[in-house]
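Notes for the structure review
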Amino acid sequence: MSWVTEHPPARVDLDACVTCGLCLPVCPTFRLTGDETASPRGRLAAISAVDAGVLGIDERFSDVIGFCLQCRACETACPSLVPFGDIIERATAEVVAQMPSTVSRVRRFAATTGVGTPWIMRGGSILLGIAQRLRLAGALERLGIPASGLRRIPIPLPTARGGSWGASDAPTAMLFVGCVADVWFAEIHQATIEVLLAAGYRVESPKAQTCCGALAAHDGLTDNAERMSAANSSAFASADLIVVNVAGCGSHLKADPELGSRVRDITEVVADAISDGRLETLPANGTSVAIQDPCHLEHGQGIVDAPRAVVAAAGYEVVDADRDGLCCGAAGTYLIDYPETSTELGERKAAAVRAGGTKIVASANVGCEMQLRRFLDDSYDIAHPVEFYARARRGK
Ligand code: SF4
Ligand code: SF4
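The present account deals with the structure reproduced in this document. This structure is a prediction, so every number in the text was calculated from the model and none was measured.

**Looking at the site of ligand 2**
- Residues in contact with ligand 2 amount to 15 residues; listed here are only the nearest, Cys17, Cys20, Cys23, Cys78 and Ser80.
- Only α3 (40-51) and α5 (73-77) provide two or more residues apiece to the shell around ligand 2.
- Looking at which element gives the most residues to the shell around ligand 2, the answer is α3, with three residues.
- Partitioned by chemical class, the residues of the shell around ligand 2 number 11 nonpolar, three polar and one charged.

Put into structure tokens, the structure is as follows:
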């Protein structure tokens, strides 16, 4: 038997590929290498071969699968609607199950126990915050920790977990705070809460929520991702609306059978409130903002217009950060596994932003924001679309 997990790649999904090749031009790894095995079609062929028992799971197969950024640009391009993201997650889970290694055990800890346990996350964050103050970000980068992409971590550490804001009789938006975002990107939560209150919501952030599980799922750690999903299903059981402000988390949560139909990205919620008049459109300020489209917003959730509408309503002229649209190379833990490819893609993205001329960039995904900051200098102002809207409201 080729597969050993409970939910391997499904034959029906693999057979949906008609090998047309329309996905190849949008695939970053194929574009960089020109290698068919680094393309969506090539990866599907390899997975099909394992499914048929022609290939076994070995180092070569592991690399064909692991080299994929899971950016899902191929899904958007595919006329046969091949669910590539789901297939690659299931294939990755097979690699983890059939090729256990010390590396995979360390990753299991970092991607699940580490980020999903508040005291570990917070302890590590304090150390990172101290390293920032000692100007050790460069040294951490050399050790493979992308510290130069971080915003300054406040000490004492913030948290929006367990909070509630606004009138008790207003419709409630439940805020998903995430693991790293809660500690490292508190300003995004602050702006989110502020703008949701202005739109007429009460905001609650359940204390029992945990990491979304996207990192674990992308790393093939299905059991851990399912445990996190169960914890979040219980924490958000009473929610009608779950608001997420990190595209990677939102994309994963929208695929959750329990939670998915109630999850919305903050840019969708704010764009709706602007369009129906609950939030105002602020006067033009003569400044342009480059919009970066995170893969997990554009391809994972099909959202392209909402961040533009939010930034435009904040008074900015909206421009595209990168018309080519290739993944920035952050992709969860990819920058640790394939640092050269991640760097090449990060530099391409930064070059596209520089070529556009504007020094203000909006990104709705914290991973992309960190990658942009690593490759752009300090003169660039990089923030979430909802932060630009909140800032504009504060200054009105
Ligand atoms: S998910 Fe991205 S990197 Fe992976 S095959 Fe599809 S387009 Fe290529
Ligand atoms: S676009 Fe879809 S059907 Fe065509 S080769 Fe790529 S995955 Fe297969």
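That shown, we press on.
**What about the environment of arginine 135?**
- Among the structural elements, arginine 135 can be located in the loop between α8 (118-133) and α9 (137-142).
- For the pair formed by arginine 135 and valine 203, sequence separation is 68 residues and the distance between their alpha carbons is 37 Å.

**Here we look at the site of ligand 1**
- Cys27, Pro40, Cys68, Cys71 and Cys74 are the nearest of the 14 residues found near ligand 1.
- The residue makeup of the shell around ligand 1, split by class, is 10 nonpolar, two polar and two charged.

**Observations regarding the sheet that holds strand β5 (residues 263-265)**
- Overall, mixed pairing links the five strands, which are arranged β1-β3-β2-β4-β5 in an open sheet. A single partner strand is all that each edge strand has here, and the edge strands are β1 (164-165) and β5.
- Relative to β5, strand β4 (residues 242-244) is paired through three bridges, and the arrangement is parallel. Opposite valine 243, over in β5, you have arginine 264 as the bridge partner.

**Quick word on the pairing of strand β6 (residues 288-292)**
- The element β6 is largely enclosed, with a buried count of four among its five residues.
- Here three bridges tie β6 to strand β8 (residues 360-363), and the two strands are oriented parallel to one another. For glutamine 292, the partnering residue across the bridge sits in β8 and is serine 363.

Cut-offs and rules
Along each chain, residues carry numbers from 1 onward, in the same order as the chain's sequence is written. Chain letters start at A and ligand numbers start at 1, both assigned in the order the entries are written. It should be noted that, the model being predicted, local features are given only for residues of pLDDT at least 70 and side-chain atom pairs only at 80 or more, the latter also being counted only at that level, while totals for whole chains, interfaces and linings use all residues. Placing a C-beta atom from the backbone of each residue, we mark the residue near a molecule or strand if the atom is within 6 Å of it. Only DSSP runs of H or I with at least four residues qualify as helices, and only runs of E with at least two residues qualify as strands; both kinds are numbered from the N terminus onward. Gly is placed with the polar residues, together with every amino acid not listed as nonpolar (Ala, Val, Leu, Ile, Met, Phe, Trp, Tyr, Cys and Pro) or charged (Asp, Glu, Lys and Arg). The rule for pairing is simple: two strands pair if DSSP sees at least two bridges between them. The exposure scheme places C-beta atoms from the backbone and then counts, for each residue, the other C-beta atoms within 10 Å of its own, assigning buried at 20 or more, exposed at 12 or fewer, and partly exposed in between.

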